[in-house]
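# Residue-level structure breakdown
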Amino acid sequence: MIMTEAFWKTKRLDELNPQEWESLCDGCGLCCLNKLEDWDTGEVAFTSVACRLLDGSSCRCTNYPNRQAIVPDCIQLTPTEVDEISWLPPTCGYRLARDGEDLYWWHHLISGDRETVHQAGISARGRTVSETEVDVDDFEDYLVDWPLTVGQR
Ligand code: SF4
Ligand code: SF4
């Protein structure tokens with residue numbers, strides 16, 4: 001039997017085709033959370049306050065095709081941005097592939113099931129509040145560390 005190595009272990013990010021690129025996203029929704037940056041240290045902290053377009057129950061963007069017209073600071077990841085953004089969560093498929101690491105068991109490319117990222121407690125599903133409901137001055141009351149949680153590989 002001939003075993004082929006997984007594409008995320010054999011290709012650089014800039015070598016992926018569009019389908020491979022899209023599939024690396026695990027659907028965790030963690031990059032859709034508002035973050036606060038410490039002015040002095042540059043340290044970035046996650047909050048549980050989600051982008052206005054994130055559906056907190058499904059953990060999906062409610063207008064993905066038009067998202068950048070509605071949310072101009074929505075990040076459209078590219079290989080360059082994956083290199084430059086310091087705050088991508090340690091579980092992010094792009095960050096793992098960039099660093100030459102394998103994906104976790106719950107990633108749909110391993111499990112074959114897009115629900116496992118939620119079942120493993122990695123995603124933002126069910127634990128966010130919408131930014132439409134929180135004053136921006138109060139975001140610091142919603143600091144959370146669970147987006148940095150890494151489970152068993
Ligand atoms: S953090 Fe990474 S894996 Fe999770 S939704 Fe964002 S781009 Fe996808
Ligand atoms: S616009 Fe959609 S993809 Fe972009 S941050 Fe908001 S919910 Fe996430």
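The structure under discussion appears in the preceding block.
Residues numbered from 1 in each chain as written. Chains lettered and ligands numbered in written order. Predicted model: local features only at pLDDT ≥ 70, side-chain atom pairs only at ≥ 80, totals over all residues. Heavy atoms only, no water.

## Quick notes on the overall build of the protein
- Looking only at helices and strands, the protein features seven helices and five strands.
- Going residue by residue from the N terminus, the α and β elements of the protein occur as α-α-β-β-β-β-α-α-α-α-α-β.
- The C-alpha atoms of the protein give a radius of gyration of 16 Å, which matches the 15 Å a tight globule of 153 residues would have.
- Within the protein, counting contacts between residues at least 6 apart in sequence, those at least 24 apart form 57% of the total.
- Accessible surface, the protein as shown: approximately 9400 Å² in total, 48% of it carbon and sulfur.
- Charged side chains of the protein number 13 positive and 28 negative; the gap between the two group centres comes to 9 Å. (Helix = DSSP H or I, 4+ residues; strand = E, 2+ residues; numbered from the N terminus. Rg over C-alpha atoms; globule rule 2.2 N^0.38 Å. Contact = heavy atoms within 4.5 Å. Areas by Shrake-Rupley, 256 points an atom, 1.4 Å probe, with all protein chains shown as cover. Lys, Arg positive; Asp, Glu negative; His and termini not counted. Charge placed at Lys NZ, Arg CZ, Asp CG, Glu CD.)

## Concerning the pairing of strand E1 (residues 33–37)
- For E1 and strand E2 (residues 44–50), the ladder comprises four bridges, and the chain directions are antiparallel. Of the residues in E2, the one forming a bridge with Glu 37 is Val 44.
- The antiparallel pairing of E1 with E2 creates a hairpin that spans six residues between the two strands, and Gly 42 there sits at a positive phi of about 80 degrees. (Pairing = 2+ DSSP bridges.)

## So, the pattern of salt bridges
- Counted according to the given criterion, the structure contains eight salt bridges.
- Where Asp 14 meets Arg 12, a salt bridge forms, and the shortest distance between an N and an O atom there is 3.0 Å. Across the pair, Arg 12 and Asp 14 agree in class, each one exposed.
- Members of the salt-bridge network, linked through shared partners, are Glu 5, Lys 9 and Asp 102. (Salt bridge = Lys/Arg side-chain N within 4 Å of Asp/Glu carboxyl O. Buried < 20%, exposed > 50% of the residue type's maximum accessible area, 1.4 Å probe, protein only.)

## Concerning the site of ligand 1
- Surveying the vicinity of ligand 1 reveals the residues Cys 25, Asp 26, Cys 28, Gly 29, Cys 31, Leu 77, Pro 89, Cys 92, Gly 93 and Tyr 94.
- A per-class count over the shell around ligand 1 returns seven nonpolar, two polar and one charged. (Near = heavy atom within 4 Å. Nonpolar A, V, L, I, M, F, W, Y, C, P; charged D, E, K, R; others polar.)

## Re the site of ligand 2
- As a structural note, the neighbourhood of ligand 2 is formed by Cys 32, Cys 51, Leu 53, Leu 54, Cys 61, Arg 67, Val 71 and Cys 74.
- Looking at the shell around ligand 2, its residues break down into seven nonpolar, no polar and one charged.

## Some details on unusual backbone geometry
- The backbone phi angle of Cys 59 is positive, close to 65 degrees, even though this residue is not glycine.
- When you line up the elements, Cys 59 lands in the loop between strand E3 (54–55) and strand E4 (60–61).
- Judged by its relative accessible area of 6%, Cys 59 falls in the buried class.

## Overview of the sheet that holds E2
- Spatial strand order, E1-E2-E5: three strands in an open sheet with mixed pairing. Lying at the two open borders of the sheet, with one neighbouring strand each, are E1 and strand E5 (129–130).

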